[in-house]
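# Residue-level structural notes
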Amino acid sequence: MSGQGKDLDRREFIGRAAKAGLGVAAVGALAWWGYDGKGPDATSGAAPSVKLPSYAVRGRERRLAIVKSSHRVPALRAGLEALGGLGAFVGAGQRVLIKVNAAFASPPALCATSNPELVAELVRLCKKAGAREVIVTDNPINDPASCFELSGIGPAARAAGARVMLPHPAAFASYSLPGGRLIQNWPLLWGPLEGVDRVIGLAPVKDHHRSQASATMKNWYGLLGGRRNVFHQDINGIISELGRMVTPSLVIADGVVSLARNGPTGGSLEDLKPTGTMILGTDQVAVDSVAVGLLGLSPSQVAWLGLAQKAGVGTTDYQALKPRLVELG
């Protein structure tokens, strides 16, 4: 995105937030002006190089649950139960990282970020399953401290017993995706990932003006540092590579209320659409294929899904996974 285009987006977001009467969103958006999301330059030689292991749970591959509900927390519980319970993914004494979407300093009502009540419940369930430590992290586009506070994610996660880790220069390390075309010698938010046993992605379902849709695979974008906006020139390619970069234990797409237009920031309650669906699974392509349907798209219309499937990340034919369907009303 050019500097001019980025400034236009900022003004548009602030204007729409103010128009919607969401003062806190406008205040948070102002923090955007003062935040430089560049992060360290991993190619400078100062950052060590790391490798990302697979966080998949053996025997839990190709699992998918779709829950119909207008309430997030009951939907989360029911979806996890349909997959065998969170204890099937998180064991006693393990360290768990929850990668949220805290990209913007906006209130939870706008659904541009992970819902704080959902984050808190997931933290509590991880602790109940025996997790020794639960870490919540993201490298937001806006100022990190403002994003975590104004989105409500930071206070909710801490109250539930999680450790919130904000990005800082020493937390980044150089990473190269094996066989990757775009992610080469790139700063990765490694500090929160170091030594964890499980990785869970928790993302809202959103419209995206560049990639058509944003869900669990796009959520890994928040693990990158550097001038990552250069990847906007190949948004489908980078999302596909993000899916290859992270092999998660579990991903969750929150489509109970979706940001159906003007994404990924939104800024008005008029941008939201009740879609009454929570999607949980271990195949990120399958989960996101269901998610884009909430935005009126078929998987074949979303280029990054096809690229990820071709790369072996998962399948757009989510019905082949025989998803567990739960109706809560």
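Everything below is about the structure shown above.
Sequence order as written defines residue numbering, which begins from 1 separately in each chain. Confidence filtering applies because this is a predicted model: local features only for residues at pLDDT of at least 70, side-chain atom pairs given and counted only at 80 or more, and all residues used for totals across whole chains, interfaces and linings. Only heavy atoms go into the side-chain values, all of them from the structure, while hydrogens and water stay out.

### Things to note about the nonpolar core
Counted only if it meets this: Remark: nonpolar core denotes a set of buried residues (Ala, Val, Leu, Ile, Met, Phe, Trp, Tyr, Cys) joined through side-chain atoms within 4.5 Å. Using a 1.4 Å probe on the protein chains alone, a residue whose accessible area is under 20% of its type maximum counts as buried, one over 50% counts as exposed, and one in between counts as partly exposed. Where helices and strands are cited, they refer to DSSP runs of H or I of at least four residues and of E of at least two residues respectively, numbered from the N terminus.
Formed by 55 residues in total, the largest nonpolar core has its most connected members in Leu 52, Leu 188, Leu 193, Ile 238, Met 245 and Ile 279. Those elements that place two or more of their residues in this core are β2 (64–68), β6 (172–175), β7 (186–189), β8 (198–208), α7 (235–245), β10 (250–259), α8 (284–293) and α9 (303–310). If you tally residues by element for this core, the top one is α8, at six residues. Grouped together as the second largest cluster of nonpolar side chains are 42 residues, Ala 78, Val 90, Leu 122 and Ala 157 included.

### Focus on the pattern of salt bridges
Test applied: Within this document, salt bridges are pairs made up of a side-chain nitrogen of Lys or Arg and a carboxyl oxygen of Asp or Glu, the two lying within 4 Å of each other.
Applying the stated criterion across every chain yields a total of nine salt bridges. A salt bridge links Glu 121 to Arg 77; its shortest N-O distance comes to 2.8 Å. Of this pair, Glu 121 sits in helix α4 (residues 116–128) while Arg 77 sits in helix α3 (residues 72–82); the two residues are 44 residues apart in sequence, bridging distant segments of the chain. By relative accessible area, Arg 77 is classed as partly exposed at 47%. Here Arg 163 ties to Glu 133 by a salt bridge, and the two come within 3.4 Å at their closest N and O atoms. Of the two residues, Arg 163 sits in strand β5 (residues 163–165) while Glu 133 sits in strand β4 (residues 133–137), which places them 30 residues apart along the sequence. Given a relative accessible area of 19%, Glu 133 falls into the buried group. Residues joined in a network through salt bridges with shared partners are Arg 77, Glu 121 and Arg 124.

### Considerations on the environment of Pro 169
Summarising the element assignment, Pro 169 is placed in the loop between β5 and β6. The exposure class of Pro 169 is exposed, given its relative accessible area of 63%. When the C-alpha positions of Pro 169 and Gly 191 are compared, they lie 9.8 Å apart, and in sequence the two are 22 residues distant.

### A word on the side chain of Arg 228
Quick note on the threshold: When charges are counted, neither His nor the chain ends are considered; positive counts come from Lys and Arg and negative counts from Asp and Glu. Distance and chemistry together define a polar contact, namely a pair of N or O atoms within 3.5 Å, with one atom able to donate a hydrogen and the other to accept it when in protein, and with adjacent residues in sequence counting only for side-chain atoms on both sides. The contact criterion used is simple: two residues touch if any of their non-hydrogen atoms lie within 4.5 Å.
Within the element layout of this structure, Arg 228 appears in the loop between β9 (212–214) and α7. Salt bridges are absent for the buried Arg 228, whose nearest opposite-charge side chain, Asp 138, sits at 5.8 Å. A polar contact of 2.8 Å, which involves the side chain of Arg 228, links it to the backbone oxygen of Asn 139. Ignoring any residue separated from it by four or fewer positions in sequence, one finds Arg 228 in contact with Asn 139, Pro 140, Ile 141, Trp 186, Tyr 221 and Gly 222.

Nothing here speaks to function; it is all geometry.
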